[in-house]
Amino acid sequence: MTRQGRRGLCLSALAGFLGLAACTYVSPGVGFNTVLGYRSLGRDIERFYRQRAWERNATCPMPRIDAILAATVIEETEDEIVALVRYSWRDETRLDNDNRGGIRGRGGGGRCRGIDERRFTLEKLDGDVRVVAMSGPQRPNPIPR
């Protein structure tokens, strides 16, 4: 094998290794089945958001979190934690069934999906936490569980 051929092979191997390393990166505050080290917090954030959130000035009235991308504690006291949570979301009621991003209702298409951030206030309870508030646009009456 020529020197140039070995160099190309090494560069290919390095690119593959870097690609693999990028796939194993875990966002700050988010791990396998945990957010900020609390096992059920991701599910609780998703439920709280689903019951209360609006997106895009209420043109996307039924958004759901697809994935929590990052979570960072921005304030902590004895009784509560305030965390900044970055998430991807979509409102299935405003997207076409054929996934072409067409409009089913007002505001639909590609407008009813995105990546955003909100502050979530968590109350500390015997080594665990529960979501008690979040920032951002919200419906006046939460959807019952």
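Heads up: these notes are all about the structure in this document. (Residues numbered from 1 in each chain as written. Predicted model: local features only at pLDDT ≥ 70, side-chain atom pairs only at ≥ 80, totals over all residues. Heavy atoms only, no water.)

Once that is clear, we can look at the overall build of the protein chain. For the protein chain, the helix and strand inventory stands at two helices and six strands. Reading the protein chain from its N end, one meets helices and strands in the order α-β-β-α-β-β-β-β. Going through the 145 residues of the protein chain one by one, you find that 31% of them count as buried. Nonlocal contacts in the protein chain, meaning residues at least 24 apart in sequence, comprise 58% of its contacts between residues at least 6 apart. (Helix = DSSP H or I, 4+ residues; strand = E, 2+ residues; numbered from the N terminus. Buried < 20%, exposed > 50% of the residue type's maximum accessible area, 1.4 Å probe, protein only. Contact = heavy atoms within 4.5 Å.)

Before going further, it helps to examine helix α2 (residues 41-52). Between its terminal C-alpha atoms α2 stretches 16 Å, which fits the 16 Å expected from 12 residues at 1.5 Å a residue. Looking only at α2, the buried set comprises L41, G42, D44, I45, F48, Y49, Q51 and R52. (Expected span 1.5 Å × (residues − 1).)

Attention now moves to the pairing of strand β5 (residues 113-125). Relative to β5, strand β4 (residues 80-90) is paired through 11 bridges, and the arrangement is antiparallel. Bridging from a neighbouring strand, L84 pairs with R119 of β5. Direction of pairing for β5 relative to strand β6 (residues 128-134): antiparallel, over a ladder of six bridges. Bridged to L122 within β6 is V131. (Pairing = 2+ DSSP bridges.)

All chains considered together, the criterion is met by one disulfide. Disulfide partner of C60: C112, at an S-S distance of 2.1 Å. A torsion of -90° about the S-S bond marks the disulfide between C60 and C112 as left-handed. On the criterion of sequence distance, the pair formed by C60 in the loop between α2 and β3 (64-76) and C112 in the loop between β4 and β5 is long-range, its members being 52 residues apart. Under the relative-accessibility criterion, C60 is labelled buried at 0%. A relative accessible area of 0% places C112 in the buried class. (Disulfide = S-S within 2.5 Å.)

Ordered in space as β3-β4-β5-β6, the four strands form an open sheet in which the pairing is antiparallel. The sheet terminates laterally at β3 and β6, the two strands that pair on one side only. Shown here is a sheet whose adjacent strand axes are inclined to one another by a mean of 35°, direction ignored. In the packing of α2 onto the sheet, contacts are made with β3, β4, β5 and β6, and the angle to β6 comes to roughly 20°. (Axes fitted to C-alpha atoms, helices over the stretch in contact; angles between N-to-C directions.)

Another aspect to go through is the packing of aromatic side chains. Summed over the entire model, instances satisfying the criterion amount to one aromatic pair. Over the aromatic face of F48 sits the side chain of R52, whose NZ or CZ is 3.8 Å from the ring centroid. (Phe/Tyr/Trp six-rings, centres within 6.5 Å; stacked < 30°, edge-to-face > 60°. Lys NZ or Arg CZ within 6 Å of the ring centre and 35° of its normal.)

Here we come to the environment of G136. Note that G136 resides in the segment after β6. With a relative accessible area of 44%, G136 lands in the partly exposed category. Linking G136 and A53, residues 83 residues apart in sequence, is a C-alpha distance of 7.6 Å.

All chains considered together, the criterion is met by eight salt bridges. Its salt-bridge partner being E76, residue K124 comes within 2.7 Å of it at the nearest N-O pair. Linking K124 in strand β5 with E76 in strand β3, this pair joins segments that are 48 residues apart in sequence. Judged by relative accessible area, K124 falls into the partly exposed class, the value being 28%. Using a relative accessible area of 47% as the deciding quantity, one classes E76 as partly exposed. In this structure, E117 and R86 form a salt bridge, with 3.8 Å as the shortest nitrogen-oxygen distance. Residue E117 is found in strand β5, and its partner R86 is found in strand β4; the two are separated by 31 residues along the sequence. Accessibility expressed as a relative area gives 43% for E117, which makes it partly exposed. In this structure R86 comes out as partly exposed when scored by relative accessible area, which is 36%. Connected through salt bridges with shared partners, the residues D66, R90 and E92 form a single ionic network. (Salt bridge = Lys/Arg side-chain N within 4 Å of Asp/Glu carboxyl O.)

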